[in-house]
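A look at the structure
Chain residues, written in single-letter form:
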Amino acid sequence: MSKEVLTGAQAIIRSLELLGVDTIFGLPGGAILPTYDPLMDSKKIRHILVRHEQGAGHAAEGYASASGRLGVCLATSGPGATNLVTAIADAHMDSVPLLAITGQVGSKLIGTDAFQEADIVGITMPITKHSFLVTDANDIPEVISAAVLIATTGRPGPVLVDITKDAQNQKFDFVWPPKVELPGYKPVTKPHGKQVQAAAEMISKSSKPIFYVGGGIVRAGAAKELLELAELVGAPVVTTLMARGAFPDSHKQNLGMPGMHGTVPAVIGLQRSDLLITLGARFDDRVTGDAKSFAPDAKVVHVDIDPAEIGKIRHADVPIVGDLKEVIPELTAELKKIYGTKTHDLTDWWSAMNHLVEHYPLGHDAPEDGKLSPQAVIKRIGELSGPEAIFAAGVGQHQMWSAQFIKYERPNAWLNSGGAGTMGYSVPAAMGAKVAQPDRLVWSIDGDGCFQMTNQELVTCAINNIPIKVAIINNSSLGMVRQWQTLFYDKRYSNTDLHTGTDSLMIPDFVKLADAYGCLGIRVEKEEEIDAAIKLAIETNDRPVVIDFIVSRDAMVWPMVAAGVSNDEVKYARDAAPVWEGEE
Amino acid sequence: MSKHVLSILVEDKPGLLTRVAGLFARRGFNIESLAVGTSEIEGLSRITVVVAVEGAPLEQVTKQINKLINVIKVVELDPEAVQRDHMLIKVKTDAATRSQVLEAVTLFRARVIDVVSDAVIIEITGDTSKCAAFIKILEPYGIKEMVQSGVLAMGRGSKSITEKVSK
Ligand SMILES: Cc1ncc(C[n+]2csc(CCOP(=O)(O)OP(=O)(O)O)c2C)c(N)n1
Ligand SMILES: [Mg+2]
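Here's what I pulled together on the structure shown here. It should be emphasised that the depicted structure is a prediction, and the values quoted were computed from it without experimental measurement.

Looking now at the interface of chain B and chain A. Between chain B and chain A, the contact holds 15 residues from the first and 17 residues from the second. Between chain B and chain A, a total of about 1,300 Å² is buried, with carbon and sulfur atoms accounting for 57% of that surface. Of all residues in chain B, the largest losses of buried area upon contact with chain A belong to Arg19(B), Lys63(B) and Ile69(B), amounting jointly to 48% of the total for that side. At the boundary of chain B with chain A, the tally comes to one salt bridge. Linking Asp306(A) and Lys67(B) is a salt bridge whose minimum nitrogen-to-oxygen distance equals 2.5 Å. Across the contact surface, chain B and chain A share five residue pairs in polar contact (both at pLDDT 80 or more). Per-class residue counts for the side of chain B that touches chain A are four nonpolar, five polar and six charged.

As structure tokens, this is what we get:
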């Protein structure tokens, strides 16, 4: 045990160092100034000064999602703290281990509407896994340790620590390690043996099983374990938006992404299955469509570390609470006992699935307006970058195409805002990912709309030598919203024109903007320029790169299940419903 | 709609009540009654909540509550558990009605706390239905004011919900 007199501010930095934090994204202000002083001297922590606190939050998320480690962001009180709110909410929805530290006004001023006072603990209560208000420096080592523990264990999530300015200035005896007492926090990681047996039994008896794999596999670091189990059973696998890469796309058992913009085989595979082997997924409405008609004949094995997810939307016939990294090997072992030397005969099931795979591959048309096909651009980025690269998407059509047309072979390669759908996620998340994994090629695949929400972080990238590549899929519009207007609002395009295309006002000019930000800017309008631009971006590492891909605004995301209807109504393309063998 | 009585054992931390009440509100669960106070263990408080839910989702409520870091334990009490409301009622009285009101007080084993010429304050303790019946009796005389605690509840027998909780 070590003991030393420190200020609260020094204790914050020291605690973070001792807990292994090596990077903080943040921006200073009055109430956090004391902490920025010792931060300057830290040899272990790199602080990256962002241009907007939302960028710090998403960067910390990107850092966490790319590496599986804790992401940390730091902001001042009041507006600094409230600027973090969107990122905190995002991390909450997608179970990202995030620590947000905010300065607070002096404890005597709390409740007086002091300058830059905001009740950030109150504001973020519904969107954090937990939060702390610290008014006494003596509590700092314990609170920071508890916050890191809570954020990174069980179901990961964001934890906020709000520390008053006087606590940061207070001198006290810093004792390490602190005693962390959380009597109400005991995540269950080890599954119930009987339940694992019951699951194995049920799987072995199923004739149409399917693995419904969610982001929990990625957060649990259980992709290898999943591969072994899936190959043992031999059943089809679908990976949700949050789980792209949790199971290799090149694997013949992988049917792709399910849900609103899922592949036909994945959507119908779930619908027709008799057993959903649900691993770290939560029956999100974007996956289930109308939940009442979702997979109507299927029993459910549901494994999750969060007991509240089990039975929330769909009854589980075999519920298993536990850490997927522990549960899956036990399940595999049980199944090996049951199978013995036999293999699971799924011939009929696979012939039905293969029929769908053959007839309904992902595809797209060439645009009629002569502009680039956004899908083709994204596909080429994936192909030329390879599976070791990281891809962080914004939110909208380009996000769905990135989930569909890039082949993911490993977890933590695909970063996106799934639960919250936060426009503006991509650029700062890519920045955070590049900081966490500097040797990897990191792409931000962004929309012209999303990009305009957080592109200021390109400055941070340029100044701090974080050479990310940004591909703007520029359709001159809020494309996803426009697609809904095309389909459901009679082509009345209310407020979705962004005027960023080459045949419009072209404000802003993204290439000039890139230049102003110290980045290499490239515009691509012709198909034959696509490869060269991508290659130039990959080769350029002395500064960030922005490619403005001028794509057709009429391209739409297909397949699609309209919001709220049954997944049976999946449309392969406009007015084209897939034919299921059983109905022929 | 069905009613459930939950006993929640929590760490006595600032903002705790906001966390619990906020969770009920944002998950769409209706709190009918709420009572908070210290428990027999130092540092732990006990919350009694009566919640109205539609069939199945009670499990969702308890699981979500359990996820709060400062919550030690959530128990649903069975309907046989001891349940008590505590009420103060100010009733209009005059010479003609006073004796009738006092008779009702005796009948319900309530107590008169304060008397002035034109009103009395009555205290009553009992389960929700007894208190409701009492109010019905008093209504014709004119209830001027009424306050009520949340339901307090405790399982019968010698077991306690704090067993196995370290003191
Ligand atoms: C912060 C935020 N505001 C609004 C929305 C609603 N929304 C979803 S997708 C979208 C359009 C995004 O446009 P763009 O970035 O150009 O992507 P595209 O769909 O054109 O590929 C909008 C406005 C959102 N998801 N997030
Ligand atoms: Mg767009």
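The structure having been displayed, the exposition proceeds.
Next up on the list: the site of ligand 1. Residue and element names in this part refer to chain A. The environment of ligand 1 is made up of 16 residues, and the closest members are His398, Asp448, Cys450, Gly479 and Met480. Within the contact set of ligand 1, an oxygen atom lies 2.9 Å away from a backbone nitrogen or oxygen of glycine 449. With respect to ligand 1, the side chain of asparagine 475 contributes an N or O atom lying 2.9 Å from an oxygen atom. Those elements giving two or more residues to the shell around ligand 1 turn out to be α17 (397-405), α19 (448-454) and α21 (479-488).

Moving on, we come to the packing of helix α1 (residues 16-26) of chain B against helix α2 (residues 58-67) of chain B. Residue and element names in this part refer to chain B. Running from N to C, α1 and α2 cross one another at 145 degrees; their axes reach a closest spacing of 10 Å. Judged by the sense of rotation from one axis to the other, the crossing of α1 with α2 is right-handed. In this structure, α1 uses Val20, Leu23 and Phe24 to contact α2, whose residues at the interface are Val61, Gln64 and Ile65. A breakdown of the residues in the contact of α1 with α2 according to their chemical character gives five nonpolar, one polar and no charged.

All names here are of chain A. Along strand β13 (residues 299-304), five of the six residues are buried, which leaves the element largely enclosed by surrounding structure. The pairing of strand β12 (residues 275-279) with β13 spans five bridges and is classified as parallel. The residue of β13 that forms the bridge with isoleucine 277 is valine 301.

Moving on, we get to unusual backbone geometry. All names here are of chain A. The step from isoleucine 507 to proline 508 runs through a cis peptide bond, and the omega angle for that step is -5 degrees. The residue proline 508 is located in the loop between α21 and α22 (510-516) in this model. Of the consecutive residues tryptophan 558 and proline 559, the connecting peptide bond is found in the cis state with omega at -5 degrees.

All right, on to empty space enclosed by the protein then. All names here are of chain A. Here the structure, examined in full by the defined rule, presents one cavity of 30 Å³ or more. The space that makes up the largest cavity amounts to roughly 110 Å³. Around the largest cavity, the lining is made up of 14 residues, and of these Ser65, Arg219, Met242, Trp414 and Leu415 lie nearest the centre. Of all the elements in the fold, those that place two or more residues in the lining of the largest cavity are α3 (53-67), α10 (216-220) and β16 (414-415). Residues that form the lining of the largest cavity fall into these classes: six nonpolar, three polar and five charged.

To continue, consider the packing of α3(A) against helix α18 (residues 426-436) of chain A. Residues and elements named next belong to chain A. Close contact between α3 and α18 brings their axes to 6 Å; oriented N to C, the two are set at 50 degrees. One way to sum up the angle between α3 and α18 is to call them oblique. Here the hand of the crossing between α3 and α18 comes out right-handed. Of α18, the residues touching α3 (which contributes Gly55, His58, Ala59, Gly62, Tyr63, Ala66 and Ser67) are Pro428, Ala429, Met431, Gly432, Ala433, Val435 and Ala436.

Further remarks concern the sheet that holds strand β4 (residues 71-77) of chain B. Residue and element names in this part refer to chain B. Reading across from one edge, β2-β3-β1-β4 is the order of the four strands in this open sheet, with antiparallel pairing throughout. Two strands bound the open sheet, and with one partner strand each, they are β2 (30-38) and β4. Strand-to-strand twist of the sheet, defined as the mean angle between neighbouring strand axes without regard to direction, takes the value 20 degrees. In this sheet, β4 lies alongside strand β1 (residues 2-11) in antiparallel orientation, the contact comprising six bridges. Looking at the pairing, valine 5 lines up with leucine 77 of β4.

Side chains that are three or four residues apart share a direction in an α-helix, a result of its 3.6 residues per turn. Residues and elements named next belong to chain B. Burial in helix α4 (residues 128-138) covers these residues: Cys131, Phe134, Ile135 and Leu138. Axial view of α4: buried residues confined to an arc of 100 degrees, hence all on one face. Residues of α4 that are exposed and angled more than 90 degrees away from the buried face: Ser129 and Lys136. Buried residues along α4 sit against β5 (82-92), α3 (98-107), β7 (119-126) and β8 (143-148).

Residues and elements named next belong to chain B. Considering the arrangement of structural elements, one finds lysine 73 in strand β4. On a C-alpha basis, the gap between lysine 73 and threonine 93 in space is 46 Å, while along the polypeptide they are 20 residues apart. If we ignore the near neighbours within four places in the chain, the residues touching lysine 73 are Ser7, Ile8, Leu9, Asn66, Ile161 and Glu163. Among the polar contacts made by the side chain of lysine 73, one reaches the main-chain carbonyl oxygen of isoleucine 161 at a distance of 2.7 Å.

Let us now look at the packing of aromatic side chains. We describe a pair of aromatic rings using the distance from one ring centre to the other and the angle between the two ring planes. Residues and elements named next belong to chain A. Scanning the model with the defined rule gives twelve aromatic pairs over all chains in all. With 5.9 Å between their ring centres and 80 degrees between their planes, phenylalanine 391 and tyrosine 408 make a pair best called edge-to-face. Taken together, the positions of phenylalanine 391 in strand β15 (residues 390-393) and tyrosine 408 in the loop between α17 and β16 put the pair 17 residues apart, joining distant regions of the chain. Both residues of the pair, phenylalanine 391 and tyrosine 408, count as buried. Taken together, the ring pairs connect Phe172, Phe174 and Trp176 into an aromatic cluster. The ring of phenylalanine 174 carries the charged tip of arginine 14 above its face, separated from the ring centre by 6.0 Å. Directly above the ring of tyrosine 493 sits arginine 482, whose terminal nitrogen or CZ lies 4.1 Å from the centroid.

A few words now on helix α12 (residues 264-272) of chain A. All names here are of chain A. In terms of residue burial, α12 counts as a mostly covered element, since nine of its nine residues are buried. Turning to α12, its buried residues number three or more, namely Val264, Pro265, Ala266, Val267, Ile268, Gly269, Leu270, Gln271 and Arg272. Where α12 is buried, its residues meet β9 (209-213), β10 (237-239), β11 (254-256), β12, α13 (285-288) and α15 (347-359). At the N-terminal end of α12, a side-chain oxygen is found 3.0 Å from the backbone nitrogen of alanine 266, two or three residues along, and the residue is threonine 263.

Residues and elements named next belong to chain A. Taken together, the six strands give an open sheet; going across it, the order is β3-β2-β4-β5-β7-β6, and neighbouring strands pair in parallel fashion. Both edges of this open sheet fall to β3 (46-49) and β6 (130-134), since each of them pairs with a single strand only. Ignoring which end each strand starts from, the neighbouring axes of this sheet average 20 degrees apart. Inspection of the sheet shows strand β2 (residues 23-27) paired to strand β4 (residues 71-75) by three bridges, in the parallel sense. Bridge pairing links leucine 27 to alanine 75 in β4.

Moving on: the pattern of salt bridges. In total, this model carries 31 salt bridges over all chains according to the counting rule given. The shortest N-O distance in the salt bridge between Glu309(A) and Arg155(A) comes to 2.8 Å. Separated by 154 residues along the polypeptide, Glu309(A) in the loop between β13 and β14 (318-321) and Arg155(A) in the loop between α7 (140-152) and β7 (158-164) bring together distant segments of the chain. Taking relative accessible area as the criterion, Glu309(A) reaches 6% and is therefore assigned buried. For Arg155(A), a relative accessible area of 21% gives the class partly exposed. Overlapping salt bridges bring together Arg155(A), Asp306(A), Glu309(A), Lys312(A) and Lys67(B) as one network.

Each value, and the rule that gives it
Residues numbered from 1 in each chain as written. Chains lettered and ligands numbered in written order. Predicted model: local features only at pLDDT ≥ 70, side-chain atom pairs only at ≥ 80, totals over all residues. Heavy atoms only, no water. Contact = heavy atoms within 4.5 Å. Buried area = accessible area lost by both parts, 1.4 Å probe. Salt bridge = Lys/Arg side-chain N within 4 Å of Asp/Glu carboxyl O. Polar contact = N/O pair within 3.5 Å; in protein donor to acceptor, adjacent residues only side chain to side chain. Nonpolar A, V, L, I, M, F, W, Y, C, P; charged D, E, K, R; others polar. Near = heavy atom within 4 Å. Helix = DSSP H or I, 4+ residues; strand = E, 2+ residues; numbered from the N terminus. Axes fitted to C-alpha atoms, helices over the stretch in contact; angles between N-to-C directions. Left-handed = near helix turned anticlockwise from the far one by under 90°. Buried < 20%, exposed > 50% of the residue type's maximum accessible area, 1.4 Å probe, protein only. Pairing = 2+ DSSP bridges. 1 Å grid on protein atoms, 1.4 Å probe; cavity = no way out; pocket = protein on both sides within 12 Å on 5 of 7 lines; lining within 4 Å. Points joined across faces, edges and corners; volume = space filled by probe spheres on them. Parallel < 35°, antiparallel > 145°, perpendicular 65-115°, else oblique. Arc of directions from axis to C-beta. Phe/Tyr/Trp six-rings, centres within 6.5 Å; stacked < 30°, edge-to-face > 60°. Lys NZ or Arg CZ within 6 Å of the ring centre and 35° of its normal.

In short, the description is geometric, and any link to function would need to be established separately.
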